[in-house]
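What follows is the residue order along each chain.
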Amino acid sequence: EGCLPDVTNDNFLLWAFNKPPIQGWVLRQFAEIPGMLTTERVKECYEPLCRWTEWWFRCRDYDGDGVVQCNHGNDGGWDNATVFDLGLPVESPDLTAFLVIQCEMLAEMARWLGLPTSTVETWAQRGAQSLERLLLHSRRGDQFVAPRSGDHAVPEGSDSLLNYIPIILGMRLPEDLRTAIVLRELEGL
């Protein structure tokens, strides 16, 4: 189905939880190191990354609003985060931010591999749509929040770092939002 197990060791695979879709972000970092990503490595990563990304969109949007959700804090290693105070599942903005980058990276990988232009465009559009949904759904004024899936309630006073992770989108975010996120984080130091 595309899901990756939470734990893999010599005794078992644990499928009850998973991890956030950071592979696109990691590959983006590798792409900036000369010689790190070869065509062979891109070929090896492309299909599994497609399946993993599709799994998020297909299997982690229970309310059908186009924003993926975290079903348990263990899914991202943030099991005690205040964004979960109202209960689960939560449409955590970090997940969508990582998926924006992952879709963009898949578009770049498809281009690199010489796949049809329609494939490149599909991934690029998916990334753009995810960014639009993130901004419409999870932005409240000058910050991001993590609404509970379904009723979209937001815990009062949550200042979880999960709400700051979308800063990884950099220039894709509106300037006023970027500035506010950075200033809020600096004030907290």
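### Points about the packing of aromatic side chains
Inference 1: Per the counting criterion, the structure on display carries 3 aromatic pairs.
Inference 2: Aromatic side chains Trp-52 and Trp-56 sit 5.7 Å apart centroid to centroid with 80° between the ring planes, which places their arrangement in the edge-to-face category. Here the residue Trp-52 and the residue Trp-56 both occupy positions in helix α2 (residues 39–59), the gap between them amounting to 4 residues, near one helical turn. Like Trp-52, the residue Trp-56 is buried in the burial classification.
Inference 3: What makes Trp-56 buried here is its relative accessible area of 0%.

### Description of the packing of helix α3 (residues 93–112) against helix α4 (residues 117–138)
When two helices pack together, their arrangement is given by the angle between the helix axes and the distance between those axes.
Inference 1: Viewed as axis vectors pointing N to C, α3 and α4 meet at an angle of 165°, and their least axial separation amounts to 7 Å. Considered as vectors, α3 and α4 are oriented roughly antiparallel to each other. For the pair α3 and α4, the crossing hand works out as left-handed. Taking contact as the criterion, the partners of Pro-93, Thr-96, Ala-97, Val-100, Cys-103, Leu-106, Ala-107, Ala-110 and Arg-111 in α3 are, on α4, Thr-119, Val-120, Trp-123, Ala-124, Arg-126, Gly-127, Ser-130, Leu-131, Leu-134 and Ser-138.
Inference 2: Classifying every residue of the contact of α3 with α4 gives 12 nonpolar, 5 polar and 2 charged.

### Notes on the state of the cysteines
Inference 1: Scanning the model with the defined rule gives 0 disulfides in all.
Inference 2: Free of any disulfide, Cys-45 has its nearest neighbouring cysteine sulfur in Cys-50, separated by 11 Å.
Inference 3: Overall, Cys-45 belongs to the partly exposed group, its relative accessible area being 27%.
Inference 4: The thiol of Cys-103 is unpaired, and the distance to the nearest cysteine sulfur, on Cys-50, comes to 9.4 Å.
Inference 5: Given the relative accessible area of 0%, Cys-103 is considered buried.

What counts and what doesn't
Residues numbered from 1 in each chain as written. Predicted model: local features only at pLDDT ≥ 70, side-chain atom pairs only at ≥ 80, totals over all residues. Heavy atoms only, no water. Phe/Tyr/Trp six-rings, centres within 6.5 Å; stacked < 30°, edge-to-face > 60°. Helix = DSSP H or I, 4+ residues; strand = E, 2+ residues; numbered from the N terminus. Buried < 20%, exposed > 50% of the residue type's maximum accessible area, 1.4 Å probe, protein only. Axes fitted to C-alpha atoms, helices over the stretch in contact; angles between N-to-C directions. Parallel < 35°, antiparallel > 145°, perpendicular 65-115°, else oblique. Left-handed = near helix turned anticlockwise from the far one by under 90°. Contact = heavy atoms within 4.5 Å. Nonpolar A, V, L, I, M, F, W, Y, C, P; charged D, E, K, R; others polar. Disulfide = S-S within 2.5 Å.

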